[in-house]
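Examining the three-dimensional arrangement
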Amino acid sequence: MSPRISLVTGAGAGIGAAVARRLADRGDRVVVADRDGDAAARIAAELDGLGLTADVAVEGAGDDLVARTVSHHGRLDVVVTSAGIERTGPAATLPTGTVRDSLAVNVLGSFDVAAAAARRFQAQGDGGRVVLVGSVNSLRALPGQAAYATSKGAVLMLTRALAVDWAADGITVNMVAPGVTDTAMSAGSLGDPERRAALLSRVPMGRPARPEDIADAVAFLSGPEAGYITGIALPVDGGWSAAG
Ligand SMILES: NC(=O)c1ccc[n+]([C@@H]2O[C@H](COP(=O)([O-])OP(=O)(O)OC[C@H]3O[C@@H](n4cnc5c(N)ncnc54)[C@H](O)[C@@H]3O)[C@@H](O)[C@H]2O)c1
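I will try to describe carefully the structure that is included in this document. (Residues numbered from 1 in each chain as written. Predicted model: local features only at pLDDT ≥ 70, side-chain atom pairs only at ≥ 80, totals over all residues. Heavy atoms only, no water.)

Take the pairing of strand β6 (residues 171-178) next. Burial within β6 is extensive, with 8 of its 8 residues counted as buried. Judged by which residues are buried, β6 turns out to be covered on both faces: Ile171, Val173, Met175 and Ala177 on one side and Thr172, Asn174, Val176 and Pro178 on the other are all buried. In terms of strand pairing, strand β5 (residues 128-133) meets β6 through 6 bridges, oriented parallel. Within β6, the position partnered with Leu132 by the bridge is Met175. Chirality of the crossover, the property in question, places the unit of β5, helix α5 (residues 146-166) and β6 among those that are right-handed. Alignment of β6 against strand β7 (residues 233-236), held across 4 bridges, turns out to be parallel. When the bridges of β7 are listed, Pro178 appears paired with Val236. (Buried < 20%, exposed > 50% of the residue type's maximum accessible area, 1.4 Å probe, protein only. Helix = DSSP H or I, 4+ residues; strand = E, 2+ residues; numbered from the N terminus. Pairing = 2+ DSSP bridges. Right-handed = clockwise from strand over helix to strand, strands pointing away.)

On to the site of the ligand, then. Around the ligand, the structure places 28 residues, and the nearest of them are Ile15, Asp34, Asp55, Tyr148 and Thr183. Measuring from a nitrogen atom of the ligand, one finds a backbone N or O atom of Ala54 at 3.5 Å. The backbone of Val56 places a nitrogen or oxygen atom 3.0 Å from a nitrogen atom of the ligand. Look at the ligand: alone it shows 830 Å² of surface, and the protein chains cover 92% of it. Of all the secondary-structure elements, those providing two or more residues to the shell around the ligand are α1 (14-25) and α5. Of the residues contributing to the shell around the ligand, the split by class is 13 nonpolar, 11 polar and 4 charged. (Near = heavy atom within 4 Å. Polar contact = N/O pair within 3.5 Å; in protein donor to acceptor, adjacent residues only side chain to side chain. Areas by Shrake-Rupley, 256 points an atom, 1.4 Å probe, with all protein chains shown as cover. Nonpolar A, V, L, I, M, F, W, Y, C, P; charged D, E, K, R; others polar.)

A few words now on the nonpolar core. In terms of nonpolar packing, the biggest core is built from 35 residues, with Leu7, Leu65, Val130, Leu132, Trp166, Ile171 and Val173 touching the most fellow members. Of all the secondary-structure elements, those providing two or more residues to this core are β2 (29-34), β3 (50-53), α3 (61-73), α4 (96-124), β5, α5 and β6. No other element matches α4, which puts 9 residues into this core. (Core = buried A, V, L, I, M, F, W, Y, C linked by side-chain atoms within 4.5 Å.)

Counted according to the given criterion, the structure contains 10 salt bridges. With a closest N to O distance of 3.8 Å, Arg210 and Asp213 form a salt bridge. Residue classification places Arg210 among the partly exposed positions, given a relative accessible area of 44%. Sharing partners across several salt bridges, the network here consists of Arg4, Arg26 and Asp28. (Salt bridge = Lys/Arg side-chain N within 4 Å of Asp/Glu carboxyl O.)

Let's shift gears to the sheet that holds β6. As summarised here, the arrangement of the 7 strands in space is β3-β2-β1-β4-β5-β6-β7, forming an open sheet in which the pairing is parallel. Both outer strands of the open sheet, β3 and β7, are each paired with one neighbouring strand and no more. Here the average twist between neighbouring strands, direction ignored, is 20 degrees. On the sheet, helix α2 (residues 37-47) packs against β2 and β3 and is oriented at approximately 165 degrees with respect to β2. (Axes fitted to C-alpha atoms, helices over the stretch in contact; angles between N-to-C directions. Contact = heavy atoms within 4.5 Å.)

Along helix α8 (residues 211-221), the positions that sit buried rather than exposed are Pro211, Ile214, Ala215, Ala217, Val218, Ala219 and Leu221. Buried residues along α8 sit in contact with α1, β4 (78-81), β5, β6 and β7.

Let us look at the environment of Val180. By secondary structure assignment, the location of Val180 is in the loop between β6 and α6 (187-191). Note on Val180: relative accessible area 12%, which makes it buried. Residues Val180 and Leu190, 10 residues apart in the sequence, show an inter-C-alpha distance of 8.7 Å. The residues contacting Val180, other than those within four sequence positions of it, are Ser186, Leu190, Leu199, Leu200, Val203, Pro208, Ala209 and Trp240.

For the pair α1 and α2, interaxial distance at closest approach is 10 Å and the crossing angle is 20 degrees. It follows that α1 is roughly parallel to α2 by the angle criterion. Regarding α1 and α2, the two cross each other, and that crossing is right-handed. Here Ala17, Ala20, Arg21 and Ala24 of α1 lie close against α2, whose contacting residues are Ile43, Glu46 and Leu47. (Parallel < 35°, antiparallel > 145°, perpendicular 65-115°, else oblique. Left-handed = near helix turned anticlockwise from the far one by under 90°.)

Our next topic: the environment of Ser2. Structurally, the position occupied by Ser2 is in the segment before β1 (5-9). On the accessibility criterion, Ser2 (57% relative accessible area) is exposed. Taking the C-alpha atoms as reference, Ser2 lies 28 Å from Leu234; in sequence the two are 232 residues apart.

Right, here's the structure in full:
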């Protein structure tokens with residue numbers, strides 16, 4: 001069987017980079033996309049893959065990424081949307097623009113890339129896999145997260161809506177919901193002893209996720225064993241959401 005072609009956004013760092021490595025390890029040809037072109041090129045070189053620069057918040061970025069992937073590899077099998085931003089602050093004084101930016105990257109960026117991939121999957125006619133990266137904040141809110149939790153809550157409903165729309169085409173759409181994960185995004189909170197302790201007090205397993213923990217779940221949802229699973233949110237959170 002020829003290798004699967006997998007496109008991962010936000011793959012220049014953190015969870016996306018771990019996903020790119022994990023999918024390459026199982027034999028996929030991985031396209032590494034990030035708005036930080038140097039970071040994308042670095043991870044792509046490590047994996048002998050294709051590195052692409054793209055800001056998913058720019059409308060049409062998805063079509064461009066899919067077109068460049070297909071012109072290089074001839075097809076597309078898997079898309080993972082890990083590009084995301086976390087903006088925090090007290091809701092009453094949070095600039096509306098901050099909320100808009102969060103929606104632009106986390107929601108519209110995921111939609112734009114997933115829909116572009118689905119158009120390609122439909123044209124190929126043999127299904128496809130979409131994995132969106134949500135968050136425990138798709139399911140739970142914390143103080144200061146009006147922008148982030150609103151956007152990640154929308155990613156959960158986007159997952160369900162796309163799953164229902166594309167099920168008849170054999171395209172599965174699922175979301176992973178990482179808990180606090182050891183990446184640059186959480187370095188500020190995990191690096192501060194008080195904030196780290198407060199966050200980890202919510203995690204029954206008592207430790208942050210490693211990016212590889214999330215990548216393993218993405219590998220499952222984007223692989224052959226998950227063919228009858230669509231529209232779910234899979235928490236990878238050390239028990240956070242189970243504990244409430
Ligand atoms: N780290 C956590 O604790 C945590 C927890 C839950 C969910 N998540 C989610 O996981 C995903 C990855 O987060 P991470 O922790 O790896 O963060 P990160 O900041 O380490 O990496 C994010 C990557 O996405 C890229 N990116 C950001 N905006 C982009 C855009 N508009 N277009 C293209 N690329 C863009 C960045 O350049 C970076 O390489 C995000 O969606 C995040 O919300 C993270």
